[in-house]
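Next come the chains, spelled out residue by residue.
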Amino acid sequence: MSALDARRQWLVQRHAELLAALRVRRDAPAEIPVAASAGAPGIAPMGGSGAAAGASGRELSAPSARTALLIVGGVLVVVAALVFTVVSWGRLGIGGRAAVLLAVTACALALPRPLRRRQLTATAEASAAVGLALVLLDGYAARQAGLGGLDRVGTAGYWAVLTALTAVGAAAYGWWQRLRLPLPVGFLMARLPGLLGTAALGGTTADYATAVIATAAVDFAVLYALTARDTAGQDGFRERVGGEQAAIALVTVARAVGGGWALLGGVLAVGYAVVAPSPAEVLRAWVPLGLLMLLGTALCRGFRTLPFALRAGSEGVAVVALIVAVGAGLRYVLPAGWAVVGYAAPAALLAAWAAVSCARSGRWAKAATGGPAGGPTGEATGGPTGGPFAPPSRAAAALGELVTASTSLLLTGVVVLPELAHALIRPVVHGVVLWGGGHPPQWSWQLTTAPLVVLWLSAAVLAVMAGLRARAVGDADRHTDRLANALRNARALAAVPAVLLLPVALGLPYAWVLAAAVVAAISVAVDVVRRPAAALLPRLLVLAASGALALLWSSADRAAVLAVWGTCAVSAAVLAHVLSATTSPPALRTTARVSGVFAVLALGVEAVASGATAGLPGHVTAFGVLAVAVAAAGAAAVWHRIPGRGQVSTAVEGAGYGLAAIALALTALHPDALSLALAVTGVAGLAVALRPDRRRAALVGTGLLIASSWVRLALAGVSAPEAYTLPITAAALLIGHRRRTTMPGTGSWPAYGAGLGATMLPSLAAMWGDEHWVRPLLLGVAALLATVVGVRTRLQAPLVVGAGVLMLVGLHELAPTVVQVFGLLPRWVPVAAAGLLLLLLGATYEKRIDEARRLRDTVRSMT
């Protein structure tokens with residue numbers, strides 16, 4: 001009580017200060033600014049230039065002061081009434097109590113009309129707010145005093161009735177008095193009666209959902225009655241609520257609150273129906289779901305003043321309610337584990353029906369005149385208005401049903417996705433253990449039927465949508481519509497696991513399931529070859545998905561890996577050969593290149609799997625991979641001779657080079673095998689160089705042969721490789737010189753690169769382990785001569801090789817001295833030297849960059 005009394009005294013004091021400030025402002029001359037006085041600093045006079053001059057120091061405008069006064073006054077009255085009710089209530093008899101409260105409430109509710117006549121609208125709104133607050137206080141006081149036996153009524157029930165009467169009375173009072181505040185107050189207070197009444201009756205979650213949805217239905221019914229009228233009625237509504245802006249704000253708030261309340265009730269109803277423990281509880285959940293469905297349908301098809309998006313959303317809410325109601329009921333009818341099908345089946349049916357509705361209403365027809373729809377826009381849609389869409393009621397309903405049903409079906413697919421993923425990767429898990437060298441236990445491949453049914457429903461709905469969209473836009477043969485193509489592709493991706501997992505669900509053996517996947521992939525490949533002009537991308541997706549599943553599933557058995565990868569490699573090679581014809585479109589030629597690369601890689605996997613199955617070590621298996629790479633180079637040469645197949649030849653050749661690199665990597669830890677592999681690869685490179693367009697391969701082949709000889713020399717323990725490399729170098733340099741003489745266009749690298757590297761590089765490697773001075777001296781002299789010759793003759797290869805070897809020789813000779821010097825110097829000297837070097841480089845950065853660019857250009861200009 002002391003806190004309330006202190007608060008009241010402070011409000012009284014603030015009220016007096018604001019009144020004094022307004023009186024000073026009213027009585028001050030127009031041309032003289034009013035200084036800070038009466039406890040209200042910064043309040044300037046109204047009117048004239050003086051008002052403009054004092055505007056910068058003004059802290060409280062006239063409307064703000066008025067609003068503050070009204071708020072403070074209203075709070076004072078409510079606080080006083082509360083203090084009176086709590087403290088002074090017992091000092092009066094029942095008649096006095098009733099008389100005082102009713103008198104104050106009646107005065108507060110009666111004042112707005114005369115105040116509005118005097119243009120005191122804000123004061124009237126404040127008086128009405130005080131009156132409505134006093135009405136609730138009257139109800140509280142009446143029950144506390146036991147007036148008429150109200151204290152024996154339950155709390156929740158009493159307040160449910162009181163808030164309902166107050167909400168209706170506030171709305172009617174605001175409408176009658178043409179006030180703005182009572183209407184939203186009554187609308188918001190209408191949220192409480194349903195909840196309080198349900199609590200009084202001890203209702204369940206379904207009952208609360210029913211109450212909330214019923215409240216939302218009443219909200220929209222009242223809103224429809226106020227707005228869905230003729231022009232005269234709408235003008236009267238705007239006048240009643242205070243103008244067009246106030247009417248728009250009130251309608252927007254009412255829609256938002258009513259829609260949110262309906263969604264809240266829908267969430268409660270859906271949650272209760274999904275987890276209902278018995279059929280009786282499901283029947284109880286049908287009440288709010290049915291009410292929500294009726295409300296959504298009515299809003300979409302009857303409330304034409306709602307925006308299109310809200311109407312479509314309302315229809316979507318109704319669809320969700322229907323799907324959940326049917327699914328919750330089927331949960332106790334279908335076998336165990338089929339609950340998700342109970343939700344997926346109605347979602348699929350509604351999605352298909354919505355797609356048909358969209359097609360019939362013209363929602364999927366293109367709006368452009370003379371577009372793919374087959375004629376002008378009006379003809380395409382069939383609508384009387386000539387627009388691209390049907391009337392909003394049908395279009396909004398169809399769109400809302402389609403989006404919501406499709407989303408619901410997608411959610412059911414997400415629910416069964418873990419089980420489908422487990423079935424798809426089950427053989428792969430076994431294969432990882434098998435090929436990892438372990439002893440995999442016995443395994444079983446099983447899948448229940450329910451997830452597969454959901455997948456089949458999804459594929460069927462996508463097929464219906466794709467067909468209807470293609471028919472609506474006239475894209476059945478051209479395949480130019482993006483949405484139709486996207487639907488076709490999605491249907492193809494959904495159909496592959498749906499078909500290939502069917503034998504698993506039927507309990508067929510592993511071999512049969514794998515054979516079905518391989519046959520499916522080969523069948524699609526044959527169809528692509530026979531009908532290249534048909535829709536390519538969906539068939540390629542089916543081919544890729546089915547082939548990938550067949551290859552992955554084959555990993556569970558060693559023999560299956562050999563059979564499936566070999567079959568897929570042969571099929572890909574045939575596909576590459578057929579589709580790489582000159583007359584094929586670019587998409588088919590791209591497919592041919594990819595198929596050729598896959599054929600080579602698949603044969604490489606086949607080689608690795610064969611070696612692992614035979615128990616061969618990795619460096620021996622590498623020669624099988626190398627054989628595939630050599631065969632790929634030969635096949636690329638053959639394809640290159642056929643007109644129009646140059647692109648697939650290049651792709652196959654590149655894949656072969658990749659396999660060759662893998663084979664060399666497999667032999668890296670075994671020098672004997674590495675030397676042989678390098679020799680074979682070098683000979684293959686020289687063979688490739690026989691092609692007129694691959695002459696540069698001779699350089700690579702020669703380098704590989706030289707590297708093979710180095711490895712062989714290292715294995716033989718040769719400490720002086722120059723005895724073996726100098727004859728090769730001399731012969732290579734003579735051959736290169738003659739080639740440059742007979743073929744002037746030959747560069748220095750093809751002519752002299754291999755010969756220079758044949759001796760210098762092995763000698764350089766041997767130098768790092770040689771403690772004598774003879775080899776570094778001779779190698780340095782040879783490198784210096786090569787550098788000088790390269791500079792004099794402007795040849796790039798001698799210059800680069802000689803300079804590089806000379807720098808390494810110098811580093812080798814100076815390294816011990818540098819290490820000794822650094823050991824003798826203080827530790828701060830190297831740091832300081834590095835800092836000075838960085839400063840010097842930074843100061844001359846641009847000059848050094850220009851010199852480096854000139855050096856680069858000079859070297860590049862050499863032959």
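Further up the page is the structure itself.
First, a word on scope: everything that follows refers to the structure included in this document.

Rules of the game
- Residues numbered from 1 in each chain as written.
- Predicted model: local features only at pLDDT ≥ 70, side-chain atom pairs only at ≥ 80, totals over all residues.
- Heavy atoms only, no water.
- Helix = DSSP H or I, 4+ residues; strand = E, 2+ residues; numbered from the N terminus.
- Buried < 20%, exposed > 50% of the residue type's maximum accessible area, 1.4 Å probe, protein only.
- Areas by Shrake-Rupley, 256 points an atom, 1.4 Å probe, with all protein chains shown as cover.
- Contact = heavy atoms within 4.5 Å.
- Patch = residues over 30% accessible without salt bridge, like charges linked within 9 Å, V, L, I, M, F, W, Y side chains within 5 Å.
- Salt bridge = Lys/Arg side-chain N within 4 Å of Asp/Glu carboxyl O.
- Polar contact = N/O pair within 3.5 Å; in protein donor to acceptor, adjacent residues only side chain to side chain.
- Core = buried A, V, L, I, M, F, W, Y, C linked by side-chain atoms within 4.5 Å.
- Expected span 1.5 Å × (residues − 1).
- Axes fitted to C-alpha atoms, helices over the stretch in contact; angles between N-to-C directions.
- Parallel < 35°, antiparallel > 145°, perpendicular 65-115°, else oblique.
- Phe/Tyr/Trp six-rings, centres within 6.5 Å; stacked < 30°, edge-to-face > 60°.
- Lys NZ or Arg CZ within 6 Å of the ring centre and 35° of its normal.
- Left-handed = near helix turned anticlockwise from the far one by under 90°.
- Nonpolar A, V, L, I, M, F, W, Y, C, P; charged D, E, K, R; others polar.

## Thoughts on the overall build of the protein
Part 1 of the reasoning: Along the protein, the regular secondary structure elements total 34 helices and zero strands.
Part 2 of the reasoning: Within the protein, the fraction of its 863 residues that count as buried is 38%.
Part 3 of the reasoning: When the accessible surface of the protein is totalled, it reaches about 44,600 Å², and 70% of it is carbon and sulfur.

## Brief notes about the environment of G611
Part 1 of the reasoning: When you line up the elements, G611 lands in helix α24 (residues 586–613).
Part 2 of the reasoning: Given the relative accessible area of 4%, G611 is considered buried.
Part 3 of the reasoning: For the pair formed by G611 and T621, sequence separation is 10 residues and the distance between their alpha carbons is 5.1 Å.
Part 4 of the reasoning: Not counting residues within four places of it along the chain, the set of residues in contact with G611 comprises L616 and T621.

## Quick word on a nonpolar patch on the surface
Part 1 of the reasoning: Together, W456, V499, L502, L506, L508 and W512 line one region of the surface with nonpolar side chains, adding up to about 610 Å² of accessible area.
Part 2 of the reasoning: Along the chain, W512 turns up in helix α21 (residues 510–530).

## Considering the side chain of S546
Part 1 of the reasoning: When you line up the elements, S546 lands in helix α22 (residues 536–553).
Part 2 of the reasoning: Of note is the side chain of S546, whose polar atom sits 3.2 Å from the backbone oxygen of L543.
Part 3 of the reasoning: Here S546 is in contact with V496, L500, A517, A520 and A521, once residues within four sequence places are set aside.

## Side note on the nonpolar core
Part 1 of the reasoning: Ranked by internal contacts, the top residues of the largest apolar core, which has 57 residues, are W445, L447, M465, L501, W553 and V564.
Part 2 of the reasoning: Formed by 31 residues, the second largest nonpolar core is a distinct cluster that contains F187, A209, V251 and A328.

## Remarks on helix α27 (residues 671–688)
Part 1 of the reasoning: Between its terminal C-alpha atoms α27 stretches 25 Å, which fits the 26 Å expected from 18 residues at 1.5 Å a residue.
Part 2 of the reasoning: Among the residues of α27, A673, L674, S675, A677, L678, T681, G682, A684, G685 and V688 are the ones counted as buried.
Part 3 of the reasoning: The inward-facing, buried residues of α27 contact α25 (618–641), α26 (646–666) and α28 (697–715).

## A word on the packing of helix α15 (residues 339–361) against helix α18 (residues 449–473)
The description of two packed helices rests on the angle between their axes and on the distance between the axes.
Part 1 of the reasoning: Contact geometry of α15 with α18 gives a least axis separation of 10 Å together with a crossing angle of 5 degrees. Our classification of the angle between α15 and α18 gives roughly parallel. On α18, the residues touching V340, V341, A344, A345, A348, A351, A352, A355, V356 and A359 of α15 are A450, V453, V454, L457, V461, V464, M465 and L468.

## Structural notes on the packing of aromatic side chains
Part 1 of the reasoning: Using the criterion set out here, one finds eight aromatic pairs in the structure.
Part 2 of the reasoning: Measuring from centroid to centroid gives 6.1 Å for W445 and Y510, while their planes differ by 50 degrees, and the two rings are tilted. Placement of the pair is W445 in the loop between α17 (392–435) and α18 and Y510 in helix α21, with a sequence separation of 65 residues.
Part 3 of the reasoning: Taking relative accessible area as the criterion, W445 reaches 12% and is therefore assigned buried.
Part 4 of the reasoning: Within the aromatic cluster, the residues linked to one another by ring pairs are W443, W445, Y510 and W553.
Part 5 of the reasoning: The lysine or arginine in question, R191, covers the ring of F187, its NZ or CZ lying 4.5 Å from the ring centre.
Part 6 of the reasoning: Its guanidinium or amino end placed over the ring of W261, R191 lies 5.7 Å from that ring's centre, counting from NZ or CZ.

## Focus: the packing of α26 against α27
Part 1 of the reasoning: Contact pair α26 / α27: the axes reach a minimum separation of 10 Å and the direction vectors enclose 160 degrees. Judged on the interaxial angle alone, α27 and α26 are roughly antiparallel. Once α26 is placed against α27, the crossing between them reads as left-handed. Residues E653, Y657 and L664 of α26 pack against L674, A677, L678, T681 and V688 of α27.
Part 2 of the reasoning: For the contact of α26 with α27, the residue count by class is six nonpolar, one polar and one charged.

## So, the pattern of salt bridges
Should their charged atoms come close, side chains of opposite charge can pair.
Part 1 of the reasoning: Following the criterion strictly, the structure yields 11 salt bridges and no others.
Part 2 of the reasoning: Between R531 and D527 there is a salt bridge whose closest N-O contact spans 2.9 Å.
Part 3 of the reasoning: Residue classification places R531 among the partly exposed residues on the basis of a relative accessible area of 43%.
Part 4 of the reasoning: When the shortest N-O distance is used, the salt bridge between R539 and D527 registers 2.9 Å. Separated by 12 residues along the polypeptide, R539 in helix α22 and D527 in helix α21 bring together distant segments of the chain.

## A look at the environment of H670
Part 1 of the reasoning: Along the chain, H670 turns up in the loop between α26 and α27.
Part 2 of the reasoning: For the pair H670 and V620, spaced 50 residues apart in the sequence, the C-alpha separation amounts to 9.8 Å.
Part 3 of the reasoning: A polar side-chain atom of H670 sits 3.4 Å from a polar atom in the side chain of H619.

## What to know about unusual backbone geometry
Part 1 of the reasoning: Phi is positive for R794, which is not a glycine, with a value near 55 degrees.
Part 2 of the reasoning: Tracing the backbone shows R794 in the loop between α31 (774–793) and α32 (796–824).
Part 3 of the reasoning: Classification of R794 as partly exposed rests on a relative accessible area of 41%.

## Some points on α28
Given 3.6 residues per turn, any residue in an α-helix points the same way as the ones three and four places further on.
Part 1 of the reasoning: Between its terminal C-alpha atoms α28 stretches 27 Å, which fits the 27 Å expected from 19 residues at 1.5 Å a residue.
Part 2 of the reasoning: Of the positions making up α28, those classed as buried are A697, G701, L704, I706, S708, V711 and L713.
Part 3 of the reasoning: Looking at the buried residues of α28, the elements they touch are α27, α29 (722–742) and α30 (748–767).

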